[in-house]
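A closer look at the structure
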Amino acid sequence: MELKSRDQIYSAMVVYGLLTYSGGKVFIPNRELMFKYEELLQNEESLGYVYQLAKISNQMLRATLSRDTQKMSEILQYAHNTESPILSYNNEVELSAIVNLVYLSARNKYRIEREDKVGKGFVDFIFYPWNLTNTCIILELKVDHSPEDTLQQIREKD
């Protein structure tokens, strides 16, 4: 096959089982393939910018677990500034895509769910550890709200 466009490449990847298409979304179908993609991204320097993002995802997880909010902020800002179009910069969907990028390597240790039902509401991201002795991570994305507002919402919604 001679694939020339992005759509042709994605279609071929779906046909061959490298990606799955459901509900209008394309995604990696299982953990084994996710690990293979991650391995490629973290070891193939010729991928340039994508390779760099994969590398910083390890730093992001370490910063999160050590509560280094300064480092987390730097990584998020870097990815957000280089990935997000200016017209949708503060869009929550755009922020979610950035979170998926910067936490790529977390998938080795966590099952990451988006918009998961928790308590009396939904959480933007929740990271369930594969090893139940590890820390669970909850990410709640807010635009133009303080951390205190976010914590108050989490408490109110249990």
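None of these values were measured; they are calculated from a predicted model.

Here the structure, examined in full by the defined rule, presents two aromatic pairs. Taken together, a centroid distance of 5.0 Å and an interplanar angle of 75° make the contact between tyrosine 103 and phenylalanine 127 edge-to-face. You can see tyrosine 103 sitting in the loop between α5 (92-102) and β3 (110-118) and its partner phenylalanine 127 sitting in strand β4 (residues 121-129), a full 24 residues away along the chain. In terms of burial, tyrosine 103 and phenylalanine 127 fall into one category: buried. According to the relative accessible area criterion, phenylalanine 127 is buried, its value standing at 1%. Site record: aromatic cluster; members linked through ring pairs are Tyr103, Tyr110 and Phe127.

So, about the confidence of the model for the protein. Residues with a pLDDT of 70 or more make up 85% of the protein, whose mean pLDDT is 80. Averaged pLDDT values for the elements of the protein fall to 73 in strand β2 (residues 25-27) and rise to 89 in strand β5 (residues 137-139).

Time to look at the sheet that holds β5. The pairing of strands in a sheet happens through backbone hydrogen bonds and is either parallel or antiparallel. Reading across from one edge, β3-β4-β5 is the order of the three strands in this open sheet, with antiparallel pairing throughout. Each having just a single partner strand, β3 and β5 make up the two edges of the open sheet. Direction aside, the axes of adjacent strands within the sheet are offset by 25° on average. In this structure, β4 lies alongside β5, joined through three bridges in antiparallel fashion. The residue of β5 that forms the bridge with phenylalanine 127 is isoleucine 137.

This next bit is on unusual backbone geometry. For arginine 67, which is not glycine, the phi torsion reads 60° and is therefore positive. For arginine 67, the location among the structural elements is in the loop between α3 (49-65) and α4 (69-83).

Conventions we followed
- Residues numbered from 1 in each chain as written.
- Predicted model: local features only at pLDDT ≥ 70, side-chain atom pairs only at ≥ 80, totals over all residues.
- Heavy atoms only, no water.
- Phe/Tyr/Trp six-rings, centres within 6.5 Å; stacked < 30°, edge-to-face > 60°.
- Helix = DSSP H or I, 4+ residues; strand = E, 2+ residues; numbered from the N terminus.
- Buried < 20%, exposed > 50% of the residue type's maximum accessible area, 1.4 Å probe, protein only.
- pLDDT = per-residue confidence, 0-100.
- Pairing = 2+ DSSP bridges.
- Axes fitted to C-alpha atoms, helices over the stretch in contact; angles between N-to-C directions.

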